[in-house]
Amino acid sequence: MTDAILVVNAGSSSVKVELFAADDALASLLSGQIEAIGLAPRLHLRDAAGATVADEAWPQGEGPRDHRAALAAIGAAVARAAGQRRIVAVGHRVVHGGAALAAPVVIDPAIRAELAALTPLAPLHQPHNLAGIDAMADLHPGVMQVACFDTAFHRGHPRVADTFALPRAFYQRGIRRYGFHGLSYAYIAMRLAAVAPALAGGRVVVAHLGNGASMCAIRDGRSIDSTMGFTALDGLPMGTRSGQIDPGVLLHLLTTEGYDAAALTRLLYHDSGLKGLSGLSSDMRALEQARTAEATEAIGYFVYRIRKELGALAAALGGLDGLVFTAGIGENSAAVRAAVCTGMDWLGIALDDQANARGETVISAPGSRVQVLRLPTDEERMIAIETLRLLLR
Ligand code: AMP
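Caption draft 1: Region of interest: the overall build of the protein. When its secondary structure is counted, the protein shows 16 helices and 13 strands. Its C-alpha atoms give the protein a radius of gyration of 21 Å, near enough to 21 Å, the size a compact globule of 393 residues would have. Across its three principal axes, the protein shows a C-alpha extent of roughly 55 × 55 × 45 Å. Among the 393 residues that make up the protein, the fraction classed as buried is 51%. Contacts in the protein between residues at least 24 apart in sequence constitute 61% of all its contacts with a sequence separation of at least 6. Surface summary for the protein: the accessible area is close to 17,200 Å², and the carbon and sulfur share equals 54%. Counting 35 positive and 38 negative side-chain charges, the protein places the averaged centre of each group 4 Å from the other.

Next comes the structure, spelled out in structure tokens:
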């Protein structure tokens, strides 16, 4: 029997899993997901070579109906496929650690209760993360479980970046700018130390551009500000989320257009962003291929907001030494990277168009004052690293 660490990332409509060998190299052994939970679920697992080891699909209305059932199904599939590997720890992505939890923690009943108490701060995500923890406790009783937080990397923000200009009591009640995507930023900060050591101690903006999108200002390897705030709605426009919006618009919709909380939630989380602006799709690849005026405008808005935030975060850092693109769009869309960097010479950015088109790691021109990088992120590996660290403690 060899030891393994299971990583569980339970999102709103899918659960992703990855199994790692529990030693320093953390070789990936298995990965997969169950998608379209509650609709027409599909479960897929592949081994390290990419070969399918489990593949199941259920017709609409059949199969696992909710997260608990979906987690049980994928947990059982992993246990079958794991063969001679013994799961010695489970690491979970947990969206919210609140103001207090600034590092990964071993889950015990007190921590489980603390995480449940944070549900009002992330009602669309935290319940699924808790369901993941409960399902794995059922499947692997007695096995150490670790919670790794999307908020933790940002907990060192100075107060000015952590607060809103509301009466002071609101801050004490937890109405703060928590920031998210912290596992991705922590992974990139760690990778920077390996691939660009000079930048690891410098002033860097990381653009995590995926279906969810945010940017983070990192100085000396620590987050000092980010575009996401109290929730993962703020900042950049995303696949279906609006990003920054004048709060007066929300008051207007509530008072004069008959919106209630449910309708606003639907609008801001599910019908806005690239999808709302293009009227076509939330998917960047689809928009780049569509070439309609609306799709082009949606991409243009996305790029415009990234450029504005880049200027703002560079000001917060007091200058800029590095810019990193990561996540689905950041890693794969040379066109978006080029559009963000074009005309940014005033900030010291000069892109190497060829290196960018080829998707190399360093995509800035040799003389560029700001080094621009394209680095794949790996939130699951970051969770495995943190879980192993606690396992060996
Ligand atoms: P993520 O949430 O990190 O998986 O990123 C998903 C986003 O990345 C979607 O908008 C995809 O369309 C986008 N994406 C993935 N591959 C490409 C590609 N080759 N070109 C442009 N966008 C891509």
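Caption draft 2: Structural view of the site of the ligand. Close to the ligand lie Gly210, Asn211, Asp283, Met284, Arg285, Glu288, Ala327, Gly328, Ile329, Asn332 and Ser333. Taking Met284, its main chain carries an N or O atom lying 2.9 Å from an oxygen atom of the ligand. Between the ligand and Arg285, the relevant distance is 3.0 Å, taken from an oxygen atom to a main-chain nitrogen or oxygen of the residue. Taken together, the elements giving at least two residues each to the shell around the ligand come down to α11 (284–290) and α13 (327–332). Per element, the largest residue contribution to the shell around the ligand is four residues, and it comes from α13. The class makeup of the residues in the shell around the ligand is three nonpolar, five polar and three charged.

Caption draft 3: Quick peek at the nonpolar core. In this structure, Leu115, Leu209 and Ile349 are the most contacted members of the largest nonpolar core, which totals 55 residues. By residue number, the principal contributor to this core is helix α12 (residues 293–317), which donates 10 residues. If we skip the residues at most four places from it in the chain, Leu115 touches Val94, His96, Leu101, Gln126, Leu130, Ile133, Ala147 and Phe149. Ranked by size, the runner-up nonpolar core spans 31 residues in total, among them Ile188, Ala196, Leu375 and Ala384.

Caption draft 4: Structural context of the sheet that holds strand β7 (residues 105–106). Within the open sheet, the eight strands sit side by side as β5-β4-β3-β2-β1-β6-β8-β7. Their pairing is mixed. Each of the sheet's edge strands pairs with one partner strand only, and the pair in question is β5 (52–57) and β7. Of the strands in this sheet, β1 (2–10), β2 (15–21), β3 (28–35), β4 (42–47), β5 and β6 (85–94) are in contact with helix α1 (residues 67–82), which crosses β3 at around 155 degrees.

Caption draft 5: Spotlight on the sheet that holds strand β11 (residues 222–226). With mixed pairing, five strands are arranged side by side in an open sheet as β11-β10-β9-β12-β13. Where the open sheet ends on each side, the last strands, each with one partner, are β11 and β13 (371–374). Taking the axes of each pair of neighbouring strands and ignoring which way they run, one obtains an average angle of 25 degrees across the sheet. Inspection of the sheet shows strand β10 (residues 213–219) paired to β11 by four bridges, in the antiparallel sense. Across the sheet, Cys216 pairs through a bridge with Ser226, a residue of β11. Lying over the sheet, helix α6 (residues 182–195) contacts β9 (203–209), β10, β12 (322–326) and β13, oriented at roughly 130 degrees with respect to β9. On the sheet, helix α14 (residues 334–341) packs against β9, β12 and β13 and is oriented at approximately 155 degrees with respect to β12.

Caption draft 6: A look at unusual backbone geometry. Although it is not a glycine, Leu26 sits at a positive phi angle of roughly 45 degrees. Relative to the assigned elements, Leu26 resides in the loop between β2 and β3.

Caption draft 7: Quick peek at the side chain of Glu380. On the secondary structure map, Glu380 appears in helix α16 (residues 379–391). An unpaired buried charge is present at Glu380: no salt bridge exists, and Lys16, the closest side chain of opposite charge, is 4.6 Å distant.

Caption draft 8: Summary view of the pairing of β3. Across the eight residues that make up β3, a large majority, six, are buried. Looking at chain direction, β2 and β3 are connected through six bridges and run antiparallel. Residue pairing in the sheet places Val15 in a bridge with Ile34 of β3. Where β2 folds back on β3, the antiparallel hairpin that results is connected by six residues, among which Leu26 adopts a positive phi of roughly 45 degrees.

Caption draft 9: Inspection of the packing of α12 against α14 at higher detail. Contact pair α12 / α14: the axes reach a minimum separation of 9 Å and the direction vectors enclose 50 degrees. The orientation of α12 with respect to α14, classified from their angle, is oblique. Viewed along their axes, α12 and α14 form a crossing whose handedness is right-handed. Residues Ile299, Phe302, Val303, Ile306 and Arg307 of α12 form the contact with α14, whose participating residues are Val336, Ala339, Val340 and Cys341. Here the contact of α12 with α14 is built from residues that sort into eight nonpolar, no polar and one charged.

Caption draft 10: Layout of the packing of helix α2 (residues 109–117) against helix α3 (residues 126–139). The geometry of α2 relative to α3 is characterised by a closest axis approach of 9 Å and an angle of 160 degrees between their N-to-C directions. As summarised for this structure, α2 and α3 are arranged roughly antiparallel, according to the angle between their axes. Crossing angle aside, the handedness with which α2 passes α3 is left-handed. In contact with Arg112, Leu115 and Ala116 of α2, α3 contributes Gln126, Leu130, Ile133 and Asp134. Class assignment for the residues of the contact of α2 with α3 results in four nonpolar, one polar and two charged.

Each value, and the rule that gives it
- Residues numbered from 1 in each chain as written.
- Predicted model: local features only at pLDDT ≥ 70, side-chain atom pairs only at ≥ 80, totals over all residues.
- Heavy atoms only, no water.
- Helix = DSSP H or I, 4+ residues; strand = E, 2+ residues; numbered from the N terminus.
- Rg over C-alpha atoms; globule rule 2.2 N^0.38 Å.
- Buried < 20%, exposed > 50% of the residue type's maximum accessible area, 1.4 Å probe, protein only.
- Contact = heavy atoms within 4.5 Å.
- Areas by Shrake-Rupley, 256 points an atom, 1.4 Å probe, with all protein chains shown as cover.
- Lys, Arg positive; Asp, Glu negative; His and termini not counted.
- Charge placed at Lys NZ, Arg CZ, Asp CG, Glu CD.
- Near = heavy atom within 4 Å.
- Polar contact = N/O pair within 3.5 Å; in protein donor to acceptor, adjacent residues only side chain to side chain.
- Nonpolar A, V, L, I, M, F, W, Y, C, P; charged D, E, K, R; others polar.
- Core = buried A, V, L, I, M, F, W, Y, C linked by side-chain atoms within 4.5 Å.
- Pairing = 2+ DSSP bridges.
- Axes fitted to C-alpha atoms, helices over the stretch in contact; angles between N-to-C directions.
- Salt bridge = Lys/Arg side-chain N within 4 Å of Asp/Glu carboxyl O.
- Parallel < 35°, antiparallel > 145°, perpendicular 65-115°, else oblique.
- Left-handed = near helix turned anticlockwise from the far one by under 90°.

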